[in-house]
Each structure stands twice: as structure tokens, then as C-alpha cells.
Amino acid sequence: MQTFSKAERLCSNILIENLFKSGTSFNTFPFKFVWITASESDVPVKIVISVPKRLFKKAVHRNRLKRMTREAYRKNKNHLYDSLADKKIHLMIIFTGKTIVGYKEIEETIVNGLQRLVKEINQ
């Protein structure tokens, strides 16, 4: 199941605000993962990917980083889905690096971050 549908995206401003207020976070350079357990959702994980405008002024660079991050997540989310069982979470991945990095580094970091997320959720 390597798709990334509209249902998997977190779009609600209220839920994103709630993520920042009471979410749990950890850093895996160059990303920051913020997550919270969700009460009702039709998919196991709803996700939002963010690249700050103050770090990358040009939209071209922000969009490229978001595309690469989204693709790395899409290809490697199966392990996360399998380990969640019946739990549901909201997840935000924020790019915190100061320079544009390659896809391989992004994918390795996303895989490591998702593995750490699984460990933290199952504690």
C-alpha cells in the first residue's frame, strides 16, 4: 500500500493547532516529528509536512523539500501502519535543516524517525 491519498492528509487548522499545544515531539536531524494520538479518524495516520518560509525563502526550494519528504514517507509508511494496530495518530514532520539535502538523506532520516515514532507510541 504505497499511496498517499487526500484522507491521509491533516488539513484542519484546529487539529494542527492542537498538535503544537499538546503534541509529543522529537528531533531526527534535519526533521522534527510532532505527534499526538487521535480519537477519531478514518485512517491510522494523518500527516502534514512543513518546510518553514523563514529558512527557505523561495517556494521552489520549499516545494522540492516537501515533495521529497512526502515521497520518502509514502514509500516507508508500511512499517508504521503495521505497528499501530488499532491506534490512530496525527503526525507533523517539520524540516529544520538550513540547507537543501538529497533524497537519500531525507529517506534515511524519515525511516529512522518513523522507527523511533513506533517505539515511542508503543511505550
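Residues numbered from 1 in each chain as written. Predicted model: local features only at pLDDT ≥ 70, side-chain atom pairs only at ≥ 80, totals over all residues. Heavy atoms only, no water.

## Some points on the overall build of the protein
Here comes step 1: In terms of helices and strands, the protein carries four helices and four strands.
Here comes step 2: Start at the N end of the protein and walk to the C end: the helices and strands fall as α-β-β-β-α-α-β-α.
Here comes step 3: Its C-alpha radius of gyration of 14 Å places the protein within 12% of the 14 Å reference for a compact globule of 123 residues.
Here comes step 4: Taken along its principal axes, the extent of the C-alpha atoms in the protein is 40 × 30 × 25 Å.
Here comes step 5: Relative to its 123 residues, the protein shows a buried fraction of 41%.
Here comes step 6: When contacts within the protein are restricted to residue pairs at least 6 apart in sequence, those whose partners lie at least 24 apart make up 83%.
Here comes step 7: Summing over all exposed atoms, the protein offers an accessible surface of approximately 7,100 Å²; the carbon and sulfur share of this is 50%.
Here comes step 8: The averaged location of the 11 negative side-chain charges in the protein is 10 Å from the averaged location of its 23 positive side-chain charges. (Helix = DSSP H or I, 4+ residues; strand = E, 2+ residues; numbered from the N terminus. Rg over C-alpha atoms; globule rule 2.2 N^0.38 Å. Buried < 20%, exposed > 50% of the residue type's maximum accessible area, 1.4 Å probe, protein only. Contact = heavy atoms within 4.5 Å. Areas by Shrake-Rupley, 256 points an atom, 1.4 Å probe, with all protein chains shown as cover. Lys, Arg positive; Asp, Glu negative; His and termini not counted. Charge placed at Lys NZ, Arg CZ, Asp CG, Glu CD.)

## Brief notes about the packing of aromatic side chains
Here comes step 1: For the coordinates displayed, the defined rule picks out four aromatic pairs.
Here comes step 2: On the basis of an interplanar angle of 10 degrees and a centroid distance of 5.2 Å, the ring pair of phenylalanine 26 and phenylalanine 33 is categorised as stacked. Comparing phenylalanine 26 with phenylalanine 33, the two get one shared label, buried.
Here comes step 3: A ring pair is formed by phenylalanine 31 and phenylalanine 95, whose centres lie 5.4 Å apart and whose planes are at 80 degrees; its orientation type is edge-to-face. Residue phenylalanine 31 is located in strand β2 (residues 31–37), and its partner phenylalanine 95 is located in strand β4 (residues 89–95); the two are separated by 64 residues in the primary sequence. Phenylalanine 95 shares its class with phenylalanine 31; the two are buried. (Phe/Tyr/Trp six-rings, centres within 6.5 Å; stacked < 30°, edge-to-face > 60°.)

## A look at helix α4 (residues 103–121)
Here comes step 1: The end-to-end C-alpha distance of α4 is 26 Å, a good match for the 27 Å that 19 residues give at a rise of 1.5 Å each.
Here comes step 2: Those residues of α4 that fall on the buried side of the exposure criterion are Ile106, Thr109, Ile110, Gly113, Leu114, Leu117, Val118 and Ile121. (Expected span 1.5 Å × (residues − 1).)

## Examining the confidence of the model for the protein
Here comes step 1: Confidence in the prediction for the protein averages 92 pLDDT; 99% of positions are at 70 or higher.
Here comes step 2: By mean pLDDT, the top-scoring element of the protein is helix α2 (residues 59–76) (96), and the lowest-scoring one is helix α3 (residues 78–84) (88). (pLDDT = per-residue confidence, 0-100.)

## Re the pattern of salt bridges
Here comes step 1: Counting across every chain of the model gives four salt bridges.
Here comes step 2: Across the pair glutamate 71 and arginine 74 runs a salt bridge, and its minimum N-O distance is 2.7 Å. Within this pair, glutamate 71 and its partner arginine 74 are both found in helix α2, separated by three residues, close to a single helical turn.
Here comes step 3: Look at glutamate 71 and you get partly exposed, because its relative accessible area is 30%.
Here comes step 4: In this structure, the salt-bridge partner of glutamate 120 is arginine 116, at a minimum N-O distance of 3.4 Å. (Salt bridge = Lys/Arg side-chain N within 4 Å of Asp/Glu carboxyl O.)

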